[in-house]
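# Structural description and commentary
Spelled out, the chains give:
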Amino acid sequence: MSVRMPAADAAVLAKRDRIVATLRAIVPGEGVIAGEREMRPFESDGLTAYRQLPMVVVLPETTQQVSEVLAYCHSEGIKVVPRGAGTSLSGGALPLEDGVLLGMAKFSRIREIDFENRIAVVEPGVTNLAVSTAVAHEGFYYAPDPSSQIACTIGGNVAENSGGVHCLKYGMTTNNLLGCEIVLMNGEVLRLGGKHLDAAGYDLLGLITGSEGLLGVVTEVTVRILKKPETARAVLVGFPSSEDAGACVSAIIAAGIIPGGMEMMDRPAIHAVEEFVHAGYPLDVEALLIVELDGPAAEVDHLIERVEAIARDCGSTTCRVSQSETERLLFWAGRKAAFPAVGRISPDYLCMDGTIPRAKLPEVLAAMKAMSEKFGLRVANVFHAGDGNLHPLILYDANVPGELERAENFGADILKLCVAVGGVLTGEHGVGVEKRDLMPEMFSEIDLAAQQRVKCAFDEKGLLNPGKVFPVLHRCAELGRMHISGGKLPFPDIPRF
Amino acid sequence: MTEVLKPRDAKEVEDAVRWALGNDKALELAGQGTKRGIGRPSQTDATLDLSDLTGVTLYEPAELVLSARAGTPLREIEKLLDDNNQQLAFEPMDYGPLFGLEAGQGTIGGAIASNLSGPRRIKQGAARDHFLGVSAVTGRGETIKSGGRVVKNVTGYDMCKVLAGSWGTLAAMTDITIKVLPKPETESTVVVFGLDDAQACAAMAAAMGSSCDVSGAAHLPDHVASYFDGLPKPEAATVLRLEGVAPSVKHRQEALLALLRPFGPAAMLEARDSTALWRGIREVRPFTTAAAQARPLWRISTAPGQGHAVAARITPAAQMFYDWAGGLIWAAMPFADEPDSGSIRGALADLGGHATLVRAPAAVRAVADVFEPETAGLRALNKRVKDGFDPKGVLNPGRMWAGV
Ligand SMILES: Cc1cc2nc3c(=O)[nH]c(=O)nc-3n(C[C@H](O)[C@H](O)[C@H](O)COP(=O)(O)OP(=O)(O)OC[C@H]3O[C@@H](n4cnc5c(N)ncnc54)[C@H](O)[C@@H]3O)c2cc1C
Ligand SMILES: Cc1cc2nc3c(=O)[nH]c(=O)nc-3n(C[C@H](O)[C@H](O)[C@H](O)COP(=O)(O)OP(=O)(O)OC[C@H]3O[C@@H](n4cnc5c(N)ncnc54)[C@H](O)[C@@H]3O)c2cc1C
């Protein structure tokens, strides 16, 4: 593991038995797991290169229990790491040796479905897909659809502000969230938002979303649900170069069309996927676009024609429109299986997640090719093309000494490049431990201090999920101090009236 | 007479805040001052007028992104977008006319700082949902940046969200990047006449629960209907807007008419009338008249299905209409010096939601809770957030709540 985690607190480790006993009193039955073998499944999340057994695992079932666990840990100075389904790709749910791992999986009930107000109130351990399933009988669905939707939880989605292939048109988690119940590290229970729009006061709901479990533990979530579009059809378009495919994406948007989804794959990704899923992808192209249009049939047919024409103008060499729901799903099956497909052609892979201004795609892909040669590692690219979110998959073999490190350095170079061309380190997977030490690429000391002061407002002792997101943790007292130069300042030289 | 500081660039904004910090002064932040009447009147020593920070610095239509200095007039941005067949999808409302000011004076900074939105809020979100990146000077006199120019970004906390709707109490924004979207090719509106408030809420719920992709849903009771352009007759009107490409709008219009026929007699407004009508709704037209100026005005957000129940708890002498499928109520109270906070706050305590006293004489606003009072826990958390950005309270002190 190349990322340093906060040093374990020997005093906490020394009183482990007492801590376990106290937690058992709060969460009775099988809710506390302290045996090494039983804790194994919790030692890592989706970023499996990093592993650490927690001090103890707690699986609470009620907000009251969460509140009591946190209040106890707060008073004893014990660190806490929240966990949903553990599918994070950035190590957000990586345990700490001296920390309580707070698993939210037992919060698995759907509390309310309100079709009149088009919302669902669910517990955070409910999976993303289960929300859509629960409302499907009335023709509704929950729009954000991460590829991990069978497994990942709504609580994890809130913590990571997860997206999906449809977020170009329907937004990320943050745009589909109306309310939350959260528990602060000191045990305080707060409600943000509700069934109405735009809560009073500061947008704390907006802050919690994407906060990677560092600000509070989410114990209830209110999301908006949408009526399913009448129809959806997808077009599969192949191009002789990624430049052409990129130009096509821009031309579609410039024509005023916002597709439900617009995904791109490069040659290595296409080949890996086709071998795995047999989706009928063309193998003689450099880049493949999936463009999905949804809405009433009249709209979809109209827009498909326009997209086909634009694709032709942009030099597409193949173009297939889905003729049935089965065929549309087959087009997507390939894309959605891209990660496991790449997993088949390589013992291990790292999934990167930078976002770039779309026009920079050819430049970034060319540079990545050069890096691939330099590091001697293969890379396959899948790309949320509509919004510039790039997922380079770096292939490596953990059993070859030095390869993981080389893959990580390759990944870091890619992300630095994303920032250099005007993009960002992570589009949807979060900073976690993985990109923590790259934060200074994007933010100054002052920027990071301002963010940490937000953390201090929620968790003054810094006990909730420390070691994630911020490269250096400062004490809140130190961050709060103001350095104002002594004496009165002269009036600045600014126009005044 | 308070001093007005008018910085010419971001560096001078920093200088101004540092001066205030070093001399224990408090600043009022203003874009164009169109929303000055909203919020608690704050006690400040000088105005930090940001209206000289102007200009669009980046606009790439195919990337759906625009950056501008915070004092850039919204009107200028909307014109530029319109020339490129694009728009601000959150449809920011113009508060000027509600305060007897000229329309079209607001700035992009003011729009973001007050998290503006319009009728399309129910489909496309508010300013917050389109706010991608920012550079701002905090109450510590330090320049921070957050976000970027790309839509998908989860790097670090989403500071844009907390600045949106903070009414200039956390930081003075100097540069803003927003997501822009294509303008719909055409629009039309389906109108159902003669419904009472409860029936109207049910009709709007049916429309919103259909796959017609409604982009505006309002109910205009008969006592306000005559104020709106575009309606064929001054009768209670429940109106539903459809936008998109022509064949799609036509198809959905027929589906919606069929769906709503059981509720009452329905009609259709073509694009021109539809545009005029929704502009009036967005600008809260009935309450901008000279006669209405003296009436305290509430903006109430609640669950759409509860809209009529909340309204039923407000005095019948109030004038009201509904936007956001019933979830947004504009209520003009009958007496200048009596905002009737008690009944409104009481209804929301029971039914959920929040209310802002948007307009009232300064003397009333000085003593009333202009924004929804928070629970003790939330109030304390808001205060800690404020302290992180502005520990000495130099930016718009007391604008949102006493102490914040
Ligand atoms: C194959 C695969 C495909 C993926 N595809 C996508 C994709 O398309 N889009 C996308 O955005 N992501 C994707 N992901 C990443 C991941 O699924 C998401 O980040 C997801 O939201 C994590 O949810 P989880 O329940 O697994 O959370 P975990 O991994 O358990 O935790 C993630 C973070 O959230 C915190 N957390 C979890 N629950 C709570 C809670 N109740 N309260 C407070 N904090 C909490 C944790 O502390 C941690 O920091 C993918 C992952 C995999 C493995
Ligand atoms: C000498 C002088 C006198 C004036 N007198 C009046 C008057 O009597 N009445 C009047 O209505 N107007 C007056 N104005 C105009 C007024 O200052 C602004 O034009 C006005 O505040 C509105 O701008 P806005 O509509 O963009 O949003 P505002 O109403 O300015 O702002 C809305 C909210 O956003 C905040 N805000 C605005 N911009 C930013 C930013 N960049 N960063 C962070 N927060 C921000 C504000 O503090 C406020 O809380 C006067 C101006 C001058 C120069």
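Higher on the page you've got the structure.
These lines cover the structure that appears in this document, whether it is placed above or below. (Residues numbered from 1 in each chain as written. Chains lettered and ligands numbered in written order. Predicted model: local features only at pLDDT ≥ 70, side-chain atom pairs only at ≥ 80, totals over all residues. Heavy atoms only, no water.)

## Brief notes about unusual backbone geometry
Residue and element names in this part refer to chain B. Condition: Numbered from the N terminus, helices here are DSSP runs of H or I no shorter than four residues, and strands are runs of E no shorter than two.
Even without being glycine, E91 reaches a positive phi, approximately 55°. Tracing the chain through its elements places E91 in the loop between β6 (86–87) and α3 (108–113). Backbone geometry places W167, a non-glycine residue, at a positive phi of 50°. Position of W167 relative to the elements: it lies in the loop between α5 (159–163) and β9 (171–179).

## Looking at the interface of chain B and chain A
Defined as follows: Should any heavy atoms of two residues lie within 4.5 Å, those residues are considered in contact. The term buried area means the drop in 1.4 Å probe accessible area that two parts suffer when joined, counted for both and summed. We define a salt bridge as a contact between a side-chain nitrogen of Lys or Arg and a carboxyl oxygen of Asp or Glu at a distance within 4 Å. Any pair of nitrogen or oxygen atoms within 3.5 Å is treated as a polar contact; in protein, a donor-acceptor pairing is required on top of that, and neighbouring residues in sequence qualify only through side-chain atoms on both sides. Under the scheme applied, nonpolar residues are Ala, Val, Leu, Ile, Met, Phe, Trp, Tyr, Cys and Pro; charged residues are Asp, Glu, Lys and Arg; polar residues are all the others, including Gly.
On the chain A side, the residues contacting the 92 residues of chain B number 96 residues. Each partner contributes to the roughly 7600 Å² buried at the junction of chain B and chain A, and carbon and sulfur atoms together form 60% of this total. Per-residue buried area on chain B facing chain A is highest for K152, V154 and Y157 of chain B; these three make up 13% of the total on that side. We note a salt bridge from D198 of chain A to R121 of chain B, for which the minimum N-O separation is 2.7 Å. In this assembly, chain B and chain A are joined by 29 residue pairs in polar contact (both at pLDDT 80 or more). Looking at the side of chain B that touches chain A element by element, the count peaks at nine residues for helix α13 (residues 376–389) of chain B. Looking at the side of chain B that touches chain A residue by residue, the class counts come to 38 nonpolar, 28 polar and 26 charged.

## Side note on the sheet that holds strand β6 (residues 119–122) of chain A
All names here are of chain A. Note the cut-off: A pair of strands is labelled paired if DSSP reports no fewer than 2 bridges between them. In this analysis an axis means a line fitted to C-alpha atoms, helices contributing only their contacting stretch, and an angle means the value between N-to-C directions, from 0 to 180 degrees.
As summarised here, the arrangement of the five strands in space is β5-β6-β10-β8-β9, forming an open sheet in which the pairing is antiparallel. Two strands bound the open sheet, and with one partner strand each, they are β5 (110–114) and β9 (189–193). On average, each strand axis in the sheet is tilted by 10° relative to the strand beside it, whichever way the strands run. Pairing between β5 and β6: four bridges, direction antiparallel.

## Overview of the nonpolar core
As a reminder, the rule being used: Here, nonpolar core refers to any group of buried Ala, Val, Leu, Ile, Met, Phe, Trp, Tyr and Cys residues whose side-chain atoms link them within 4.5 Å. Remark: exposure states derive from per-residue accessible area (1.4 Å probe, protein chains only) relative to the maximum for the residue type, with buried under 20%, exposed over 50%, and partly exposed in between.
L289 and F458 of chain A together with M173, L220, L231, V239 and W330 of chain B are the most contacted members of the largest nonpolar core, which has 218 residues in total. With eight residues, helix α15 (residues 403–420) of chain A is the largest single contributor of residues to this core. In contact with L220 of chain B, other than residues within four places in its own chain, are A225, F228, L231, E235, A236, A237, V239, L277, I281 and F321 of chain B. Membership of the second largest hydrophobic core comes to 26 residues, among which are V12, V66, L102 and V183 of chain A.

## Description of the packing of helix α2 (residues 16–26) of chain A against helix α4 (residues 63–76) of chain A
Residue and element names in this part refer to chain A. How we decide: Any angle that falls under 35 degrees is termed roughly parallel, while one over 145 is termed roughly antiparallel, one within 65 to 115 roughly perpendicular, and all others oblique. It is the rotation of the near helix from the far one that decides the hand of a crossing: anticlockwise by less than a right angle makes it left-handed, clockwise makes it right-handed.
Viewed as axis vectors pointing N to C, α2 and α4 meet at an angle of 155°, and their least axial separation amounts to 10 Å. Between α2 and α4, the angle is such that the two are roughly antiparallel. Considering the relative orientation of α2 and α4, their crossing is right-handed. Here α2 contributes R18, I19, T22, L23 and I26 to the contact with α4, which in turn contributes Q65, E68, V69, Y72 and E76. For the contact of α2 with α4, the residue count by class is five nonpolar, two polar and three charged.

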